[in-house]
Structures are given as structure tokens and as C-alpha cells.
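Single-letter residue listing:
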Amino acid sequence: MEAGDLSERLRSHDPAVGLRAVGALHRLAEQVEAAAVARAREQGWSREQIGDALGVSRQSVHAKYGK
Amino acid sequence: MFEQFAAGARDAVTSALNEATLRGDRRIGTQHLLLGVLHEPGSVRALGIDLKTARAALDALDRSALAAIGIDIQGIERPPIPASRKRTPFTSGARAVVPRALAETRKAGSRRITPEHLLLALLDCAQPDPAAELMAQLGIDRAAVRERIRTGA
């Protein structure tokens with residue numbers, strides 16, 4: 001399926017495309033978050049600082065990314 | 001829930017969990033179960049596609065869906081996501097695969113669910129189910145796959 005097809009389907013209100021895009025955005029956010037957290041840890045950010053930046057608790061950063 | 005699963009099918013479910021995590025999904029869906037069974041050579045033979053191809057097809061679906069809303073993710077760094085201690089539940093669609101796999105097991109006169117039974121159950125998914133979308137994207141001929149499984153080819 002080509003991107004052109006999909007734009008067409010989105011314009012024609014095919015919910016499958018919109019819903020998949022939302023799922024893809026969630027996945028993309030998770031991937032960008034994993035990269036950013038790894039980089040912050042490398043540069044010495046504490047879990048608390050990372051949690052504050054993401055708007056989540058220090059504990060949830062720990063649960064998700066471990067050390 | 002998994003006491004009726006043979007070792008291979010358990011491994012497929014574990015692989016499905018890993019696939020969900022790697023992609024950044026919060027639940028194990030039918031598309032992850034399909035990737036999970038593709039960790040096993042018998043399923044690769046039956047489906048006629050390999051794990052790498054299936055992963056790439058899921059990625060392509062995501063890229064096109066994002067392109068449809070005007071987002072180009074070319075060049076964005078997307079590392080695999082590390083395993084977390086958070087629980088990853090099944091989607092309702094993935095849960096529904098289990099009784100269907102069990103029915104396949106009974107039909108075959110076996111006692112335990114094998115990866116093959118899981119695959120047969122996944123082949124029955126209808127669009128817009130995510131595994132069905134993935135199989136459509138991959139151009140999988142389901143009747144041919146069933147036939148290959150039936151004849152053990």
C-alpha cells in the first residue's frame with residue numbers, strides 16, 4: 001500500500017488509517033523517548049531530572065528503563 | 001491461560017511480547033503473535049515470508065499512516081525499546097486467538113497448542129484486525145498457507 005493510497009483513504013474518512021497513524025505516533029513517541037532517556041543518562045541526568053522533564057515520576061523512569 | 005501451550009507456542013508468545021516491547025506497543029496484539037510464530041522455522045515455511053520481512057511490512061504500514069497525516073519520520077532516530085518491568089497485557093483480539101488455537105488443537109486431535117495451531121488461528125483474523133492488515137500488506141495467500149500446513153509441505 002502506497003502513501004498516496006493512504007492519503008486518499010484518510011480523505012475518504014477510512015478510520016483504519018487514522019487509527020493506525022495514532023498507534024504509529026504512540027510507537028514513535030516511545031522510540032524517541034527511549035533514545036532521549038538513554039542520551040540523558042549518558043550525560044549524567046538523574047532519574048528524577050528525566051522524570052520531571054517527561055512529566056512522570058522518578059520511579060516510573062526506573063521501572064521503564066532500569067539502571 | 002497458557003497451561004495448554006506446548007513449549008514452542010509458549011516461546012512464540014514470549015517472542016510476541018518482545019516484539020511488542022521493541023516496537024513500543026503497550027499490548028500484545030495479533031500482529032505481534034504473528035511475528036512471534038515467525039520466530040519458528042515451520043511458520044516461516046508455511047507463510048513463505050520471514051521475520052525480517054514481516055517487521056519491515058509493519059514499519060512500512062506505520063510510515064504510510066504517518067505520511068497520510070503529514071508526518072515524515074525519515075531520519076528520526078528510532079532505537080529498539082529496552083524491555084521494561086511493566087506488564088504487557090493481550091489486546092482483546094489476541095486473547096480471542098487462544099480459544100481458536102485450542103479449537104485447531106482439538107481438530108488435529110492433539111493435546112497441546114503448537115505454533116502451527118496459533119498460526120491457523122491467526123489466519124482466521126479478518127480485517128481490520130492488525131494481523132489481517134499485516135498479512136494483506138505482505139500479500140499472503142491464506143488458503144495456500146492453510147494448504148501448506150495441511151499437507152505438511
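Residues numbered from 1 in each chain as written. Chains lettered and ligands numbered in written order. Predicted model: local features only at pLDDT ≥ 70, side-chain atom pairs only at ≥ 80, totals over all residues. Heavy atoms only, no water.

An unreviewed UniProt entry lists chain B under the name Clp R domain-containing protein, from Streptomyces triculaminicus.

The name an unreviewed UniProt entry assigns to chain A is Helix-turn-helix domain-containing protein, from the organism Streptomyces triculaminicus.

Asks: Lay out the environment of Ile113 of chain B with the relevant residues and their values.
Replies: Residue and element names in this part refer to chain B. On the secondary structure map, Ile113 appears in the loop between α5 (92-107) and α6 (115-123). Through-space distance from the C-alpha of Ile113 to that of Ala9 is 6.5 Å; in sequence the pair is 104 residues apart. Those residues in contact with Ile113, other than ones at most four positions away along the chain, are Gln4, Phe5, Ala6, Ala9, Val98, Ala101, Leu102, Thr105 and Leu118. (Helix = DSSP H or I, 4+ residues; strand = E, 2+ residues; numbered from the N terminus. Contact = heavy atoms within 4.5 Å.)

Asks: Report on unusual backbone geometry, specifying residues and quantitative values.
Replies: Here the amide bond leading from Gln127 of chain B into Pro128 of chain B is cis, since omega sits at 15°, within 30 degrees of zero. Structurally, Pro128 of chain B can be placed in the loop between α6 and α7 (130-138).

Asks: Residues and numbers for the interface of chain A and chain B, please.
Replies: Contacts between chain A and chain B engage 24 residues on the former and 28 residues on the latter. When chain A packs against chain B, the two sides together hide about 2,300 Å² of surface, and 61% of this comes from carbon and sulfur. The three residues of chain A that bury the most area against chain B are Arg20, Arg27 and Gln31 of chain A, which together make up 27% of that side's buried surface. Inspection of the chain A/chain B interface yields three salt bridges. In this structure, Arg20 of chain A and Asp62 of chain B form a salt bridge, with 3.1 Å as the shortest nitrogen-oxygen distance. Joining chain A to chain B, the criterion identifies four residue pairs in polar contact (both at pLDDT 80 or more). Mapped by element, the contributors of at least two residues to the side of chain A that touches chain B are α1 (3-11), α2 (15-42) and α4 (58-65) of chain A. Of the residues belonging to the side of chain A that touches chain B, the class tally is 15 nonpolar, four polar and five charged. (Buried area = accessible area lost by both parts, 1.4 Å probe. Salt bridge = Lys/Arg side-chain N within 4 Å of Asp/Glu carboxyl O. Polar contact = N/O pair within 3.5 Å; in protein donor to acceptor, adjacent residues only side chain to side chain. Nonpolar A, V, L, I, M, F, W, Y, C, P; charged D, E, K, R; others polar.)

Asks: Now, about the nonpolar core: what can you tell me, with residues and values included?
Replies: Leu33, Leu34, Leu47, Leu118, Leu119, Leu122 and Leu123 of chain B are the most contacted members of the largest nonpolar core, which has 42 residues in total. Contributing elements (two or more residues each) for this core: α1 (7-23), α2 (30-37), α3 (41-47), α4 (51-68), α5, α6, α7 and α8 (142-151) of chain B. No other element matches the six residues that α6 of chain B contributes to this core. Residues within four places of Leu47 of chain B in sequence aside, it is in contact with Leu34, Leu38, Leu119, Leu123, Ile140, Val145 and Arg148 of chain B. Listed in part, the seven residues of the second largest apolar core include Ala34, Ala40 and Val61 of chain A together with Ile81 of chain B. (Core = buried A, V, L, I, M, F, W, Y, C linked by side-chain atoms within 4.5 Å. Buried < 20%, exposed > 50% of the residue type's maximum accessible area, 1.4 Å probe, protein only.)

Asks: Lay out α4 of chain A in plain terms, naming residues and giving numbers.
Replies: Residues and elements named next belong to chain A. Every buried residue of α4 is listed here: Val61, Lys64 and Tyr65. For α4, the arc enclosing every buried residue in end-on projection is 75°, short of the 170-degree limit, so these residues lie on one face. Those residues of α4 that are buried lie in contact with α2 and α3 (47-54). Downstream of α4 by a residue or two, Gly66 has a phi angle that is positive, lying close to 65°. (Arc of directions from axis to C-beta.)

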